[in-house]
Structure formats: structure tokens, C-alpha cells
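# Coordinate inspection notes
If you want the building blocks of each chain, they are given just below.
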Amino acid sequence: MAPVPSGVGAMLLLARCRGVADAATMSPKPSTSCPPATLVARFGALGDMVMLTPVLEVLSGGGRSPCEVVTSLRVASSLYGGLGTVGAVTLVHSKRTPYPFERSQQKFVRGLRERTAAGRVATALSFTVVPRVPWLLRKGGLSANAMVTHQDLPRGELEHDVAYGERMVRELARQVPTIPQLPSPAAWPRPRLCVSASEVEDAQDWLRASGWHGEPIVLLQTQSRKARRGRWPDSRWLELVRLIREDMPEAHILFTGVPAEGEAIGGLVSRADDPNIRSAAQGMNLRRLCALASIADSMVSLDTGPAHIAAAVACPLVVLFGSEHPRRTRPVPLGPGRVREVAALPESKWPMSRDAFAREHRLSDIPLDAVAHAWTALKRMPSPGNEEPDLQ
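Computed from a predicted structure; not experimentally measured.

What counts, and where the lines are drawn
- Residues numbered from 1 in each chain as written.
- Predicted model: local features only at pLDDT ≥ 70, side-chain atom pairs only at ≥ 80, totals over all residues.
- Heavy atoms only, no water.
- Helix = DSSP H or I, 4+ residues; strand = E, 2+ residues; numbered from the N terminus.
- Buried < 20%, exposed > 50% of the residue type's maximum accessible area, 1.4 Å probe, protein only.
- Areas by Shrake-Rupley, 256 points an atom, 1.4 Å probe, with all protein chains shown as cover.
- Arc of directions from axis to C-beta.
- Contact = heavy atoms within 4.5 Å.
- Phe/Tyr/Trp six-rings, centres within 6.5 Å; stacked < 30°, edge-to-face > 60°.
- Lys NZ or Arg CZ within 6 Å of the ring centre and 35° of its normal.
- Pairing = 2+ DSSP bridges.
- Axes fitted to C-alpha atoms, helices over the stretch in contact; angles between N-to-C directions.
- Expected span 1.5 Å × (residues − 1).
- Salt bridge = Lys/Arg side-chain N within 4 Å of Asp/Glu carboxyl O.
- pLDDT = per-residue confidence, 0-100.

### Concerning the overall build of the protein
Along its length, the protein carries 15 helices and 11 strands. In the protein, which comprises 392 residues, the proportion classed as buried is 57%. Here the protein displays about 16,700 Å² of accessible surface, and carbon together with sulfur accounts for 53% of that area.

Listed below in C-alpha cells is the structure:
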């Protein structure tokens with residue numbers, strides 16, 4: 001894992017956004033001859049929306065007819081910046097509130113009626129288990145024969161997000177002949193995000209303001225909004241920091257997070273007591289996190305949204321799993337060996353149900369040695385390739 005010198009953002013960008021437009025200027029410009037768009041409804045967390053990018057890439061025809069997305073995630077537009085596969089993002093703040101009392105639902109339906117009447121939207125996918133969402137799509141003018149919903153095609157208990165997305169798209173293509181030609185299963189795209197050269201430069205300037213001069217960067221994501229999945233003890237995070245510093249004494253270690261997590265992160269940084277270890281919670285936003293991950297040497301993270309961002313920009317990643325079954329949500333690597341999963345149980349002993357896994361597995365049971373070994377193994381990884389991960 002070689003140091004990342006200053007000023008190579010553009011080169012890193014090209015290496016890590018292969019096959020997808022990596023800036024708005026590279027995206028195909030919509031024209032009046034573009035086919036109608038597909039609307040994709042996904043009311044998920046940050047990681048779920050990263051996992052949606054293969055669906056958007058395929059249904060948009062690689063950006064020729066950008067998809068519309070309806071979601072409750074406020075940062076979705078920022079997340080998809082530069083991809084060229086997403087046109088409009090509509091926020092519906094609550095999918096469960098009764099329609100007469102939820103203005104964002106009403107506004108969405110009015111806008112969708114206009115676009116379906118004008119022929120700009122003709123098909124849809126809905127990934128939510130809430131029946132209200134397909135009802136909103138039909139109320140907005142979409143035919144039930146032109147959409148596939150979770151109610152039509154439920155997700156398998158241990159079916160991976162990306163595999164489920166592919167199955168939904170193939171079912172829509174079976175029903176609707178206007179869907180673009182689909183790639184083969186072997187060529188199905190992986191989750192990808194793009195970072196512009198200017199965003200990389202901004203991140204590097206932000207790092208330099210704190211004394212960074214091109215040394216390797218290791219990111220640690222110790223916090224998660226999904227507290228029910230558990231915590232890894234602070235003492236083990238600090239011991240992991242010590243091991244990383246012994247192996248890479250020149251490295252700058254950044255604890256990532258949002259400002260609301262700043263107090264918890266600050267406590268860890270204070271206990272580490274090292275000038276090359278600091279909190280990145282203050283001054284952090286989604287695009288800066290994407291840029292930092294794109295230039296980082298590696299990341300160690302809980303099973304949370306930033307881990308999926310790291311995988312989607314080809315950052316070598318170790319991810320610690322709590323109560324959620326890894327077969328459903330594991331980040332998808334962009335190259336061989338670039339994602340290492342660590343759980344308290346070896347994979348051969350993972351139960352074949354989510355409930356059983358949650359009962360038998362605790363994040364706090366993951367030993368330090370397993371995480372340290374996984375991080376060390378990232379150093380031996382080859383360059384990014386084209387192998388397909390097992391998502392079944």
C-alpha cells in the first residue's frame with residue numbers, strides 16, 4: 001500500500017470510475033429522442049442506495065435515458081453526483097403517512113402524472129415492502145403492467161441487494177419490451193460511485209490544512225446509526241490503531257463520521273494521543289467522504305453506509321459485521337481482494353436465516369486478531385480486475 005502523493009486525483013479518478021461517466025461533462029446529454037425513463041423507488045439507507053447503482057446503470061442504458069429516483073434519503077442527489085445514470089431525484093419524506101396528510105406524496109403524484117402524460121416516464125421498479133409506494137406509482141399514472149414491485153417479486157431471505165436488483169430488472173424487461181438490452185449475468189455491473197478531480201483536490205487541500213503531505217491515509221468508521229447491530233469495543237479500535245501505526249508509521253489515520261458523532265470520535269482520538277490520528281467528523285460531507293475514500297490507502301469500517309461508499313470507489317476495505325447477515329448486505333468489491341469481511345463466526349458456520357444469525361452473532365465478539373489479519377491481507381491484493389463476486 002504505497003503512499004498517495006499529492007496532485008494525482010485525476011489519475012485515481014480514472015482508475016476508480018472505469019466504465020461509468022465520472023463527471024457531468026462525460027455524461028450523455030438527454031435529447032428529445034431519448035426513450036422514456038424508468039422510475040426507481042428505493043426508500044433505503046445510504047448503503048442501500050449505493051447498492052442501487054447497477055440497476056440505475058442498466059435501466060438508463062449507461063446514461064442514455066437517466067432514471068428517476070424516488071426516495072427518502074436527503075443526500076441521494078449528492079450521492080449519485082457525476083454518474084449520469086440519474087436524472088431527477090424526488091424526496092418523499094414519509095411513505096407510511098396517509099396520503100391526505102403527506103404533502104410530499106401529493107407533490108410526487110402530481111409531478112409523476114405530468115411526466116407519464118408527456119411520455120417522459122413509462123416504467124417503474126419499487127423495492128419497498130410498503131404497499132403505499134406502488135399505490136402512489138399507479139396514482140401517478142403508471143400502469144401496473146409497466147412496473148415490478150417488491151410485492152410482485154419478494155426478496156429472498158439471504159438474497160444480496162445487487163442480485164435482487166438484477167432479478168427485478170430482468171422481470172421488468174420480461175414484461176416491458178422497451179427496456180434496453182440487458183447485460184449477461186457475468187457482465188452485470190457492480191456498485192460504483194464517481195468522484196471528480198476537483199473533489200479530490202478539495203479533499204487533499206482539506207487534509208493539507210491539518211498537516212498532511214501525501215502520506216498514506218487509513219480511514220476508520222467506528223460509528224453506525226444502526227445501534228441495534230452492536231458496537232465494537234473502543235479498546236479494540238485503539239489497539240487496532242496501534243497495530244496500524246506499527247505497520248505504517250507514516251500513515252495518517254482518520255476517524256470518519258458525521259458531526260453528531262464527533263463527541264464519541266473525539267474521545268477515541270484523545271485516547272490515541274497521536275498527532276497523526278485525528279477526527280474527520282467536523283467539516284465532513286458526503287462528497288468529501290467519497291473523495292477521501294477514493295484516495296485512501298484503506299478503510300476499516302462497521303457494516304454501514306460509508307463502507308459501501310469505500311467499496312464503490314475501489315478503496316481497499318475491511319468491514320465488521322454485527323447482527324445483519326453478510327450474505328444480504330456485504331459490500332461488493334471493484335477488484336479482487338479489495339473487500340474483506342470479518343464476523344464473529346467463520347462463514348462455514350453462518351446460519352441460513354437472518355434471525356438465527358442475529359441471535360448467534362455479536363459484533364463485540366469479533367476478535368482484534370481477525371480484523372488486524374484482514375487489514376494486513378489487503379496489502380497482498382492484486383490490482384483491480386474484472387472477477388465477479390458471489391452474490392447468490
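### Description of helix α10 (residues 262–272)
Listed in full, the buried residues belonging to α10 are Gly 262, Ile 265, Leu 268 and Val 269. Around the axis of α10, the buried residues are gathered within 125° of arc, so they sit on the same side. Turned more than 90 degrees away from the buried face of α10 sit Glu 263, Ser 270 and Arg 271, all of them exposed. Residues of α10 that are buried sit in contact with α9 (234–247), β7 (252–256) and β8 (277–279). Trailing α10 by a residue or two, Asp 273 shows a phi angle of about 55°, which is positive.

### Quick word on the packing of aromatic side chains
By convention here, two paired aromatic rings are described through the distance between centres and the angle between planes. All chains considered together, the criterion is met by 4 aromatic pairs. Centre to centre, the rings of Trp 232 and Trp 237 are 5.0 Å apart; their planes meet at 90°, and the pair counts as edge-to-face. Accessibility assignment for this pair places Trp 232 and Trp 237 in one class, buried. Stacked on the ring of Trp 206, the Lys or Arg Arg 278 has its end atom at 4.9 Å from the ring centre.

### Notes on unusual backbone geometry
Unlike most non-glycine residues, Asp 273 shows phi in positive territory, near 55°. Among the secondary structure elements, Asp 273 is positioned in the loop between α10 and β8.

### Examining the sheet that holds strand β3 (residues 86–91)
Read from one edge of the open sheet, 5 strands run β3-β2-β1-β4-β5, paired in parallel fashion. The open sheet is flanked by β3 and β5 (147–149), the only strands paired with a single partner. Across the sheet, the axes of successive neighbouring strands diverge by a mean angle of 20°, strand direction being ignored. Lying over the sheet, helix α7 (residues 161–175) contacts β1 (37–41), β4 (121–126) and β5, oriented at roughly 145° with respect to β5.

### Quick word on helix α8 (residues 197–208)
Taking 1.5 Å per residue as the helical rise, α8 with its 12 residues ought to reach 16 Å, and the 16 Å between its terminal C-alpha atoms agrees with that figure. Within α8, burial applies to Val 200, Ala 203, Gln 204, Trp 206 and Leu 207. The buried side chains of α8 occupy one side of the element, clustering within an arc of 160° when seen end-on.

### What about the pairing of β4?
Judged by how many residues are buried, β4 sits mostly within the fold: 5 of 6 residues are covered. Summarising the sheet, β1 and β4 pair through 5 bridges and their orientation is parallel. Its bridge partner lying in β4, Val 40 is registered against Leu 125. Sheet analysis places β4 next to β5, joined by 3 bridges and oriented parallel.

### Observations regarding the pattern of salt bridges
Per the counting criterion, the structure on display carries 19 salt bridges. The partner of Asp 234 in a salt bridge is Arg 231, with the nearest N and O atoms 3.3 Å apart. A salt bridge links Arg 330 to Glu 341, with the nearest nitrogen and oxygen atoms 2.8 Å apart. Pair noted here: Arg 330 is in the loop between α13 (326–329) and β11 (339–342) and Glu 341 is in strand β11, with a separation of 11 residues, a long-range link. In this structure Arg 330 comes out as buried when scored by relative accessible area, which is 10%. The class for Glu 341 is partly exposed, based on a relative accessible area of 30%. Through salt bridges with shared partners, a single network forms among Arg 42, Asp 48, Arg 155 and Asp 161.

### Notes on the sheet that holds strand β6 (residues 217–221)
With parallel pairing, the 6 strands of this open sheet are ordered in space as β8-β7-β6-β9-β10-β11. Only two strands of the sheet have a single partner each, and these edge strands are β8 and β11. Strand after strand, the sheet turns through a mean of 15° between neighbouring axes, direction not considered. As defined by bridge partners, β6 adjoins strand β9 (residues 298–302) across 4 bridges and the pair is classed as parallel. Within the sheet, the bridge partner assigned to Val 218 lies in β9 and is Ser 298. Each of β7 and β8 touches α10; the most contacted strand, β8, lies at about 165° to it.

### Regarding the environment of Val 319
Note that Val 319 resides in strand β10 (residues 317–320). C-alpha separation for the pair Val 319 and Thr 304, spaced 15 residues apart in sequence, amounts to 8.6 Å. With residues up to four places along the chain from it excluded, the contact list for Val 319 reads Ser 301, Leu 302, Asp 303, Ala 307, Pro 331, Val 339, Arg 340, Glu 341 and Val 342.

### Some details on the confidence of the model for the protein
Taken residue by residue, the protein gives an average pLDDT of 88. The fraction at 70 or more is 88%. Counted against residues more than four places away or in other chains, residues 1–16, with its pLDDT under 50, gives 41 contacts. Predicted confidence is poor over residues 18–32, with pLDDT under 50, and the contacts of this stretch with residues over four places away or in other chains come to 29 contacts.

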